[in-house]
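Residue-level structure breakdown
As a plain string of letters, each chain reads:
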Amino acid sequence: MAILSTIVSIFYVILIVVVLLLVIADNSPTPNKLAWILILAAFPVLGLVMYFLVGFSIREKWKYEKRHESSLKVFMEQMTPELSDLIYGDGGELVDERWRPLVKLLSGPMSRAHSENSYEIITKGERKLELLLQDLSAAKHSIHVEYFHFGNDDAARKIKELLMQKAREGVQVRFIYERLANFPIPSRYYYEMKKAGVQIVRYKGPHGGLLSHVTTLNYRDHRKIMLIDGKIGYTGGMNLNKNYFYIWKDAHLRIMGRSVASLQAIFLDGWLGNGGTLTSPLEEYFPMLKDVPEPSFDENREGVFHGKTMMVVPDEPDSNYPLTLFGYEWIIHNAEKYIYFQTPYFVPPDSILDALKAAALRGVDVRLMVPRKVDTPLMSAANRSYFQECFSAGMKIYEREGEFIHAKTLVCDDGLLMIGTSNIDNRSFSLNTEDNAFIFDPEGTKYYKALFMKELEISKEVTPERWAKRNLLYRMSERLMRLFSPLL
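The present account deals with the structure reproduced in this document. (Residues numbered from 1 in each chain as written. Predicted model: local features only at pLDDT ≥ 70, side-chain atom pairs only at ≥ 80, totals over all residues. Heavy atoms only, no water.)

**Considerations on the overall build of the chain**
- Helices and strands together make up the secondary structure of the chain, namely 21 helices and 17 strands.
- Classification of the 488 residues of the chain by burial places 58% in the buried group.
- Considering only contacts in the chain between residues 6 or more positions apart, those separated by 24 or more positions represent 80%.
- Here the chain displays about 20700 Å² of accessible surface, and carbon together with sulfur accounts for 59% of that area. (Helix = DSSP H or I, 4+ residues; strand = E, 2+ residues; numbered from the N terminus. Buried < 20%, exposed > 50% of the residue type's maximum accessible area, 1.4 Å probe, protein only. Contact = heavy atoms within 4.5 Å. Areas by Shrake-Rupley, 256 points an atom, 1.4 Å probe, with all protein chains shown as cover.)

**Some points on the side chain of D413**
- Following the sequence through the fold, D413 ends up in the loop between β13 (409–412) and β14 (416–420).
- Side-chain polar atoms of D413 contact the side chain of R98, separated by 2.4 Å.
- If sequence neighbours within four positions are ignored, D413 has contacts with R98, N334, A335, E336, K337 and Y338. (Polar contact = N/O pair within 3.5 Å; in protein donor to acceptor, adjacent residues only side chain to side chain.)

**Here's the deal with the packing of helix α14 (residues 323–334) against helix α15 (residues 350–361)**
- With their axes 9 Å apart at the nearest point, α14 and α15 run at an angle of 15 degrees to one another. Relative to α15, the element α14 lies roughly parallel. The two elements α14 and α15 meet at a crossing, and its hand is left-handed. Of the residues in α15, those in contact with L325, Y328, E329, I332 and H333 of α14 are S351, I352, A355, L356 and A359.
- Taken together, the residues that form the contact of α14 with α15 break down as 7 nonpolar, 2 polar and 1 charged. (Axes fitted to C-alpha atoms, helices over the stretch in contact; angles between N-to-C directions. Parallel < 35°, antiparallel > 145°, perpendicular 65-115°, else oblique. Left-handed = near helix turned anticlockwise from the far one by under 90°. Nonpolar A, V, L, I, M, F, W, Y, C, P; charged D, E, K, R; others polar.)

**Quick word on the nonpolar core**
- Membership of the largest hydrophobic core comes to 89 residues, with the highest contact counts inside it found for M226, I339 and F341.
- Discounting chain neighbours no more than four positions away, the residues touching M226 are L132, L136, I143, H144, V145, Y147, I159, I232, G233, Y234 and L240.
- By size, the runner-up hydrophobic cluster in this structure holds 46 residues, among which are M110, I255, F305 and Y398. (Core = buried A, V, L, I, M, F, W, Y, C linked by side-chain atoms within 4.5 Å.)

**As for the packing of helix α9 (residues 154–168) against helix α10 (residues 187–196)**
- Running from N to C, α9 and α10 point in directions that differ by 25 degrees, and their axes come no closer than 8 Å. With respect to α10, the element α9 is oriented roughly parallel. Contact residues: A156, K160, L163, M164, A167 and R168 in α9; Y189, E192, M193 and A196 in α10.
- Classifying every residue of the contact of α9 with α10 by side-chain character gives 7 nonpolar, no polar and 3 charged.

**Some remarks on the pattern of salt bridges**
- Within the structure shown, the criterion is met by 26 salt bridges.
- R98 is paired through a salt bridge with E336; the nearest N and O atoms lie 3.9 Å apart. Remark: E336 occurs in the loop between α14 and β9 (338–342) and R98 occurs in the loop between α6 (81–87) and α7 (100–106); sequence separation between them is 238 residues.
- The structure contains a network of salt bridges with shared partners spanning R372, R384, E399, E401 and R466. (Salt bridge = Lys/Arg side-chain N within 4 Å of Asp/Glu carboxyl O.)

**Looking at the side chain of D315**
- Mapped onto the fold, D315 is located in strand β8 (residues 304–315).
- Among the polar contacts listed, one links the side chain of D315 to the backbone nitrogen of T324, at a separation of 3.2 Å.

**Here we look at unusual backbone geometry**
- We note that D229 has phi near 55 degrees; this positive angle belongs to a residue other than glycine.
- With respect to the helices, strands and loops of the structure, D229 is situated in the loop between β5 (224–228) and β6 (232–236).
- Within the chain, D413 stands out as a residue other than glycine whose phi angle is a positive 50 degrees.
- D413 sits in the buried class, given a relative accessible area of 10%.

**A short note on the pairing of β6**
- Across the 5 residues that make up β6, a large majority, 5, are buried.
- Where burial is concerned, the two faces of β6 agree: the one with I232, Y234 and G236 and the one with G233 and T235 are both buried.
- For β5 and β6, the ladder comprises 4 bridges, and the chain directions are antiparallel. Paired with I228 across the two strands is I232, which belongs to β6. (Pairing = 2+ DSSP bridges.)

This is the structure in structure tokens:
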């Protein structure tokens, strides 16, 4: 027994040393490494389990190329000059000179600026459900779906039933699902869809083999994409379940125009990379190569805009650079008058936090809106652990009362509007698969700025006087969560 105990102890020590070496050799930021070392020192057994579940961080070129091997092969074999011009390049000449460095920074495979887009800003879930059912019913050729979370409730089942109906009618319906976020969904849910003809693949994450199972908790497909016939695209913060349709506050986009090609390329890259196949030539999924469809919008509604320039930017853990993080940093550093954010989770990396404080100190009107009550209890303390630093530098922070606000938005200087899937946290910037729409449109920016100001009427500003009144339990929970914030 003593020998067995000794062997186990030696094995455990070796394992701890190996993990510490992995942490040190990792390419993640130093605060992340220090947090892991602290966890391993304070909670050796639990720390090991946590590290193997959520500790790996990858952003290396060869792994990106390996994961995208199948999609790169299809794209390269079937690429034409017209298709290349549609989804590659930057399109910086289409935007005001001020924003051209940002376009150049964010451009890459499947992300470029396009003009002549129409879009509707959707802030009510009922409106999104209404439009989705309408557009899905009219689909003739293809429907592509990639969502972080969908439900088994009445509203989500309406969409599921419609997807199955369209598949039976001969429409190519492709569906990418994220396993962990949809863990409660029974296997028969997918079986029914497959039986009806819906093609389904599961998001695999950047790791292969055994590691794909070990790191499921860490690497998540956080995108929300719906595409109808390659002509209409949806993206933003809203998932497919009753919370988003009826209960929570959020922001989403319905898009028509050449930027839908970026969403289509992003989806097809993910579809092929996760094991899916295509039954038609690549060009057929990009109808804007032949003609630009006429916008189909309710012209009497507020929040509808035409002839605008935007770029949809993908980001994922195995890409060469964290484009969303770089984009946020550039915008904050270059803001001149104001920059307003909405996010449910505010756990900024040091580079973002320092940029926000510097912007506020130089006189930029920096405002952050977060929910008063967060859907994940621990995140409320994590959010608040950054408040003191922010408002002490002159940044204004507001906690929105009422329903949970899940929107991920940014407006800057009456010229730039961002609506997407990324939160302001390390997970969205470094670990999740995301997509965000950057819209270079003064009209749309001013419209959403007005919406933001309207939301302030039901929000409470975090002031030094109010902050000083919180009790000791809140203070301690905030400091504890701040310790682990680089890992959230």
